[in-house]
Amino acid sequence: MGSCKEEQLSKCIWVQGPILVGAGPSGLAASACLSCQGVPCLVLEKADCIASLWQQRTYDRLKLHLPKQFCQLPFLGFPEDFPKYPTKDQFISYMESYASHFSIKPRFNQAVRAAEFDSGSGFWRVRTQDSEYISRWVIVATGENAEPVVPEILGLDRFNGPVVHTSGYKSGCEFRNQKVLVVGCGNSGMEVSLDLCRHNAVPHMVVRNTVHVLPREILGFSTFGIAMTLLKLLPLKLVDKILLIVASFTLGNTDKLGLRRPKTGPIELKNATGKTPVLDVGALSQIRSGKIKVMESVKEITRNGARFMDGQEKEFDSIVLATGYKSNVPTWLKSCEFFTKDGMPRTPFPDGWKGENGIYTIGFTRRGLLGTASDAVKVAQDIADQWRIMKQGTQEFF
Ligand SMILES: Cc1cc2nc3c(=O)[nH]c(=O)nc-3n(C[C@H](O)[C@H](O)[C@H](O)COP(=O)(O)OP(=O)(O)OC[C@H]3O[C@@H](n4cnc5c(N)ncnc54)[C@H](O)[C@@H]3O)c2cc1C
Ligand SMILES: NC(=O)C1=CN([C@@H]2O[C@H](COP(=O)(O)OP(=O)(O)OC[C@H]3O[C@@H](n4cnc5c(N)ncnc54)[C@H](OP(=O)(O)O)[C@@H]3O)[C@@H](O)[C@H]2O)C=CC1
Ligand SMILES: O=C(O)C(=O)Cc1c[nH]c2ccccc12
């Protein structure tokens, strides 16, 4: 490692344990697991708060889609009195208590701009806007949803009205009585459309592709929970078949509503591509009643509306892009083969948590908070084993 330049010495900081990038649920879970193993760490967070995705970039009506037992972090569960599907505010309050229980104190306003392994010294150099941090280990916990995906849609720049990505959408009250084009029909597109309906707006949701919609619950049991149980007993393809039979029973034929199903089943598709099935919390009935209009692909955006592939042309007051998110790892992690150009670990689940030279990832499993919890335990154990050997070595040396 080339030593820090003289004038920068005061900002060159040696970190004993690992450097954790990101103080979302994954960073907090990792920090807690390390602390339980007696390993200190430094958490760098670019925002001014923990769980910034949840605090700053989600809409008001958001609730967890999966029951709380599938969304809890290691060693400290949700409070007993929280409902089965906690609200966004409850989730944030859980994150706050989690951080304070494990005395996690991230360094806020520290956006990691570059991280590079120095093969000469065997250390990682992690640079933020004002400091350089140096450690044997770096843990990437910046999330699969770090940046909004804003697609290039012909004419979007000439649209006269507001255009907002779901990460900037708070509530339909700002869109009352408006005609709104919602581009995308994942969980965000469906829920924003539902929220717009509840505020007397008229959402037109663009569905350009196939999509799996499943009921959130079947006979009072979470569909996700049922799927997890069945997967322990039956082959994946059979579980998918069962889910689809039940879905068609409870939701009817969604193809008729313009929501064509993919040929691959919902769990197989999730595992293969990461595409999350929509868990319906009410949008479907609004589609059925015509309050949410389903539209085909957009051909182009005009000054005051959109032209669609099927030839229709409509006026809109606003556009909401529910077009998903992407990782930001390629923007700051330098010369590291461990990540693809999309910023996801190259090694597929369940082995993507550990790379070479002391790099680790948490929360890139495409398996939500359940994946985060399992990664955090494995990463902390692995680093703690090295930590102990290192400490023993130091004691013997002295
Ligand atoms: C609307 C929405 C709802 C969801 N609901 C669920 C759900 O119900 N259940 C579920 O299991 N999953 C859900 N998810 C998935 C979601 O990814 C997880 O809930 C969770 O937030 C992932 O945690 P994370 O810490 O990996 O990433 P994030 O929550 O995205 O946290 C990453 C942190 O890293 C910080 N960061 C990013 N780049 C840098 C940088 N360069 N330097 C420093 N800090 C940086 C960010 O500011 C952020 O605070 C949802 C996702 C979305 C978008
Ligand atoms: N309550 C909860 O738990 C919630 C959870 N989430 C989670 O957050 C994550 C992100 O979800 P979400 O924001 O919905 O993103 P997704 O990536 O799941 O969905 C993006 C949608 O946008 C469409 N799209 C992208 N580009 C275009 C384009 N150019 N033209 C038309 N359509 C386009 C995609 O279509 P295509 O398939 O054709 O690419 C897809 O329908 C998911 O894991 C989701 O489950 C989100 C909301 C609520
Ligand atoms: O809401 C999300 O994106 C999640 O990641 C939760 C989740 C993880 N695995 C799933 C499978 C089906 C539906 C939701 C999820």
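Residues numbered from 1 in each chain as written. Chains lettered and ligands numbered in written order. Predicted model: local features only at pLDDT ≥ 70, side-chain atom pairs only at ≥ 80, totals over all residues. Heavy atoms only, no water.

Some remarks on the pairing of strand β20 (residues 318-321)
(1) Moving on: Of the two faces of β20, the one lined by S318 and V320 and the one lined by I319 and L321 are each fully buried.
(2) Moving on: In this sheet, β20 lies alongside strand β9 (residues 163-165) in parallel orientation, the contact comprising 3 bridges. Across the sheet, V163 pairs through a bridge with I319, a residue of β20.
(3) Moving on: In this structure, strand β10 (residues 179-183) lies alongside β20, joined through 4 bridges in parallel fashion. Counted as the bridge partner of V183 is L321 from β20. (Buried < 20%, exposed > 50% of the residue type's maximum accessible area, 1.4 Å probe, protein only. Helix = DSSP H or I, 4+ residues; strand = E, 2+ residues; numbered from the N terminus. Pairing = 2+ DSSP bridges.)

Some thoughts on the packing of helix α1 (residues 25-36) against helix α3 (residues 88-101)
(1) Moving on: Running from N to C, α1 and α3 point in directions that differ by 30°, and their axes come no closer than 10 Å. Our classification of the angle between α1 and α3 gives roughly parallel. Seen along the crossing, α1 lies across α3 with a hand that is left-handed. On the side of α1, the interface is formed by P25, L28, A29 and A32, while α3 contributes F91, M95, Y98 and A99.
(2) Moving on: For the contact of α1 with α3, the per-class residue count stands at 8 nonpolar, no polar and no charged. (Axes fitted to C-alpha atoms, helices over the stretch in contact; angles between N-to-C directions. Parallel < 35°, antiparallel > 145°, perpendicular 65-115°, else oblique. Left-handed = near helix turned anticlockwise from the far one by under 90°. Contact = heavy atoms within 4.5 Å. Nonpolar A, V, L, I, M, F, W, Y, C, P; charged D, E, K, R; others polar.)

Structural notes on the site of ligand 1
(1) Moving on: Among the 30 residues in the neighbourhood of ligand 1, the closest are listed as S26, E45, S52, N145 and L369.
(2) Moving on: Take W54: an N or O atom from its side chain is 3.0 Å from an oxygen atom of ligand 1.
(3) Moving on: Contact distances for ligand 1 include 3.2 Å between an oxygen atom and a backbone N or O atom of H65.
(4) Moving on: Against a free-state accessible area of 990 Å², the protein chains account for coverage of 91% of ligand 1.
(5) Moving on: Contributing elements (two or more residues each) for the shell around ligand 1: α1, α2 (52-56) and α10 (368-397).
(6) Moving on: When residues of the shell around ligand 1 are assigned to their parent elements, the largest contribution, 3 residues, is made by α2.
(7) Moving on: Here the shell around ligand 1 is composed, by residue class, of 15 nonpolar, 12 polar and 3 charged. (Near = heavy atom within 4 Å. Polar contact = N/O pair within 3.5 Å; in protein donor to acceptor, adjacent residues only side chain to side chain. Areas by Shrake-Rupley, 256 points an atom, 1.4 Å probe, with all protein chains shown as cover.)

A look at the pattern of salt bridges
(1) Moving on: Enumeration according to the criterion identifies 11 salt bridges in this entry.
(2) Moving on: Taking the shortest distance from any N to any O, the salt bridge between E132 and R125 comes out at 3.0 Å.
(3) Moving on: For E132, a relative accessible area of 14% puts it in the buried group.
(4) Moving on: With a relative accessible area of 19%, R125 lands in the buried category.
(5) Moving on: One salt bridge connects R307 with E300, and the closest N-O pair in it is separated by 2.5 Å.
(6) Moving on: The class of R307 is partly exposed, set by a relative accessible area of 30%.
(7) Moving on: Its relative accessible area of 16% is what places E300 among the buried residues. (Salt bridge = Lys/Arg side-chain N within 4 Å of Asp/Glu carboxyl O.)

As for the environment of E313
(1) Moving on: Position of E313 among the secondary structure elements: in strand β19 (residues 313-315).
(2) Moving on: E313 sits 12 residues away from I301 along the chain, and the two C-alpha atoms are 9.6 Å apart.
(3) Moving on: With residues up to four places along the chain from it excluded, the contact list for E313 reads T302, A306 and R307.
(4) Moving on: For E313, the side chain forms a polar contact with the side chain of R307, separated by 3.2 Å.

Digging into the site of ligand 3
(1) Moving on: Looking at ligand 3, the residues that line it are L66, F224, K270, T276, P277, L279, R367 and G368.
(2) Moving on: Between an oxygen atom of ligand 3 and a main-chain N or O atom of G368, the distance comes to 3.5 Å.
(3) Moving on: Here ligand 3, which alone exposes 350 Å², has 72% of that area covered by the protein.
(4) Moving on: The residue makeup of the shell around ligand 3 includes at least three contributed by each of domain 1 (11-146 + 327-389) and domain 2 (149-321). (Domains from an automatic or database assignment.)

Brief notes about the nonpolar core
(1) Moving on: In this structure, M190, M205 and L259 are the most contacted members of the largest nonpolar core, which totals 67 residues.
(2) Moving on: Mapped by element, the contributors of at least two residues to this core are α1, α3, β10, α4 (187-198), α8 (283-288) and α10.
(3) Moving on: No other element matches α10, which puts 7 residues into this core.
(4) Moving on: Counting contributing residues, this core receives three or more from each of domain 1 (11-146 + 327-389) and domain 2 (149-321).
(5) Moving on: Judged by nonpolar contacts, the second largest core, of 21 residues, contains L44, C336, F339 and M344. (Core = buried A, V, L, I, M, F, W, Y, C linked by side-chain atoms within 4.5 Å.)

Structural notes on the sheet that holds strand β4 (residues 114-118)
What links the strands of a sheet is backbone hydrogen bonding, and the strands pair in either a parallel or an antiparallel sense.
(1) Moving on: Read across the open sheet, the 4 strands follow the order β1-β6-β5-β4; overall the sheet is mixed. Pairing within the sheet leaves two strands with one partner each, and these edge strands are β1 (12-14) and β4. Adjacent strand axes in the sheet meet at a mean angle of 20°, parallel and antiparallel pairs treated alike.
(2) Moving on: Bridge analysis of β1 against strand β6 (residues 132-135) gives 3 bridges, and the strand direction is parallel. The residue of β6 that forms the bridge with I13 is Y133.

Remarks on the domain arrangement of the protein chain
As a measure of interface size, the accessible area lost when the parts come together is often cited.
(1) Moving on: By domain assignment, the protein chain separates into domain 1 (11-146 + 327-389) and domain 2 (149-321).
(2) Moving on: Once you take the C-alpha centre of each, domain 1 and domain 2 turn out to be 29 Å apart.
(3) Moving on: Contacts between the two partners involve 17 residues from domain 1 and, on the opposite side, 26 residues from domain 2.
(4) Moving on: Summed over both partners, the interface of domain 1 with domain 2 comes to about 1800 Å²; 52% of that surface belongs to carbon and sulfur atoms.
(5) Moving on: Ranking the residues of domain 1 by area buried against domain 2 places Y59, R61 and H65 at the top, with a combined share of 40%.
(6) Moving on: There are 1 salt bridge connecting domain 1 and domain 2.
(7) Moving on: Here E217 makes a salt bridge to K84, at a shortest N to O gap of 2.8 Å. (Buried area = accessible area lost by both parts, 1.4 Å probe.)

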